[in-house]
Amino acid sequence: MHVPGISVEPDKKPRCDTMTQSRPRSLQRIRALITITVFFMLCAGVATAYELTITAPSSVQKGMPLVINGSSNLPPAISVDIVLSRAEYTTEELARQTVTLQGTKEFSVIFDTKDLPKGQYKVEVPGISGYTFLGDSTTIKIVQIVDRSDEVMVKSPRTQEMDGTLEVRGIIPTQKSAGVQIQVIGPKNEVVFGPEYIVTLSDGSFMRDVKIDGPGTYEVSFTDSRGFIGTYPFNVTAPFVPVTPTPTPDTAGVAITATAPSTADHPAYFVVTAPPGEVNITTSAGIDWIIEYPDSRGTIQKINSKGQQDSEEVTILAQGETIYLKVYPYRFSDRGDVTIFAEGAEKVGVASEMPPAFVTTTSPTQKSPIPLGITLGALLIVGLRRLRQ
């Protein structure tokens, strides 16, 4: 029944049913959002972890290359350091090499072991800022350097003069009546000989002459059945060729020297040859020297105008003939080596014996005998004086 002034709304469904159905949908959306967030977080965590693995031999003979190979999934253009360290009682870094990863993600480095003493070493890839390595990564390897170089006793000279062959001779006591493989590398890193086995005798000795083309450093390596032994350098020098200086006509301004011991009893004698003109003679300092020389008339001239601290000096007018010099100390107690400097001379030398110009040819004058009469008169006077006494 409809009552005027009063409106009655038509029947509707209960609202509680709608609210009950909307709540599970909201929870599902929240759960899905959380799941997606966690997934992306996990993906981000995985993306920052990478693998890096290096491989190296457990041991290597001294002198052989130490090859380190590696692989990684790090992004391209990332630089990786590979460090070689001595790992005995303490760790000491010896060498470091840096490689930049390319598209292949593989890399390789080589360390020289020629100058490394035998012992334990470590090869390591230090951590890279901003990148984490997974647990399967290998970033450290231990390597033993084995030195067998003392097993070869080299008997041939390590320095040889170039004559067309390199003498390789020695003893390997562990290779008696066996053989050893040798290889010779030349100065230009070229293979000169081998590798070839040569025979060792009953005492382990061996000998081989290797043909070579020129001087330089040759490296001879030895290998036996147990592996590489060592490398031994040989220095081949150029043959000695005496050089005779070519005399020049104009020697002005060039001092030629000669040195000899001298004392007052045994003076030093020098021989000087020079073209016509002035020759300036100077002695070394440190001793008060006297210079004597014969002039053009044969008269001996004596020069002593300087002291102990200064060099004695004289200028001689050469006539194209040999000039002889006599040099000795002013003080009898002085002795030592004297050097003369001859400017304007062609040649200066030490005389092997006293030059004739300084040989004394005069002999002592004999005394005249006293007349017999004078002698008898003197005796008579002495006798008369005694009788008077």
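All figures in this text were calculated on a predicted structure; none of them were measured in a lab. (Residues numbered from 1 in each chain as written. Predicted model: local features only at pLDDT ≥ 70, side-chain atom pairs only at ≥ 80, totals over all residues. Heavy atoms only, no water.)

J.: Looking at this model, I keep getting lost on the sheet that holds strand E19 (residues 255-263). Mind explaining?
T.: Sheets are built from strands paired through backbone hydrogen bonds, the pairs being either parallel or antiparallel. Taking strand neighbours across the sheet as the criterion, the four strands line up as E19-E26-E21-E24 in an open arrangement whose pairing is antiparallel. Lying at the two open borders of the sheet, with one neighbouring strand each, are E19 and strand E24 (313-318). The mean angle between the axes of side-by-side strands here comes to 25 degrees, regardless of whether they run parallel or antiparallel. The pairing of strand E21 (residues 277-283) with E24 spans six bridges and is antiparallel. Considered in E24, the bridge of Asn 280 is made with Thr 315. (Pairing = 2+ DSSP bridges. Helix = DSSP H or I, 4+ residues; strand = E, 2+ residues; numbered from the N terminus. Axes fitted to C-alpha atoms, helices over the stretch in contact; angles between N-to-C directions.)

J.: Please explain the sheet that holds strand E15 (residues 191-199) as it appears in this structure.
T.: Reading across the sheet, the five strands line up as E12-E18-E17-E14-E15 and stay open at both edges, with mixed pairing between neighbours. A strand with exactly one partner marks an edge of an open sheet, and here the two such strands are strand E12 (159-161) and E15. Taking each pair of neighbouring strands and ignoring which way they run, the sheet shows an average axis angle of 25 degrees. Both E12 and strand E18 (residues 227-237) contribute to a ladder of three bridges, which runs parallel.

J.: For this particular structure, what's the right way to read the environment of Ser 71?
T.: Looking at the element boundaries, Ser 71 is found in strand E4 (residues 66-72). Using a relative accessible area of 34% as the deciding quantity, one classes Ser 71 as partly exposed. C-alpha separation for the pair Ser 71 and Thr 53, spaced 18 residues apart in sequence, amounts to 5.5 Å. If we ignore the near neighbours within four places in the chain, the residues touching Ser 71 are Glu 51, Leu 52, Thr 53, Lys 105, Glu 106 and Phe 107. (Buried < 20%, exposed > 50% of the residue type's maximum accessible area, 1.4 Å probe, protein only. Contact = heavy atoms within 4.5 Å.)

J.: Hey, could you run me through the pattern of salt bridges in this one?
T.: Oppositely charged side chains can pair when the atoms bearing their charge come close. What the rule picks out here adds up to 14 salt bridges. In this structure, the salt-bridge partner of Asp 147 is Lys 62, at a minimum N-O distance of 3.9 Å. On the criterion of sequence distance, the pair formed by Asp 147 in the loop between strand E10 (140-146) and strand E11 (153-154) and Lys 62 in the loop between strand E3 (59-61) and E4 is long-range, its members being 85 residues apart. Residue classification places Lys 62 among the partly exposed positions, given a relative accessible area of 21%. The shortest N-O distance in the salt bridge between Arg 297 and Asp 295 comes to 3.9 Å. Salt bridges sharing partners connect three or more residues here, namely Arg 148, Glu 151, Asp 224 and Arg 226. (Salt bridge = Lys/Arg side-chain N within 4 Å of Asp/Glu carboxyl O.)

J.: What is the right way to look at the packing of aromatic side chains in this model?
T.: Describing an aromatic ring pair means giving the distance of the ring centres and the angle of the ring planes. Under the counting rule described, the total for this entry stands at four aromatic pairs. With centroids separated by 5.3 Å and ring planes inclined at 55 degrees, the aromatic side chains of Phe 206 and Phe 222 adopt a geometry described as tilted. Within this pair, whereas Phe 206 is found in strand E16 (residues 205-211), its partner Phe 222 is found in strand E17 (residues 216-224), the two being separated by 16 residues in sequence. Side by side, Phe 206 and Phe 222 carry an identical accessibility label, which is buried. Of the residues examined, Phe 222 reaches a relative accessible area of 1% and is grouped as buried. (Phe/Tyr/Trp six-rings, centres within 6.5 Å; stacked < 30°, edge-to-face > 60°.)

J.: What is the right way to read the side chain of Glu 292 from this model?
T.: Residue placement: Glu 292 occurs in strand E22 (residues 289-294). Look at Glu 292 and you get buried, because its relative accessible area is 9%. A polar contact is formed between the side chain of Glu 292 and the side chain of Tyr 328, at a distance of 2.6 Å. (Polar contact = N/O pair within 3.5 Å; in protein donor to acceptor, adjacent residues only side chain to side chain.)

Purely spatial values, then, with no claim about function.
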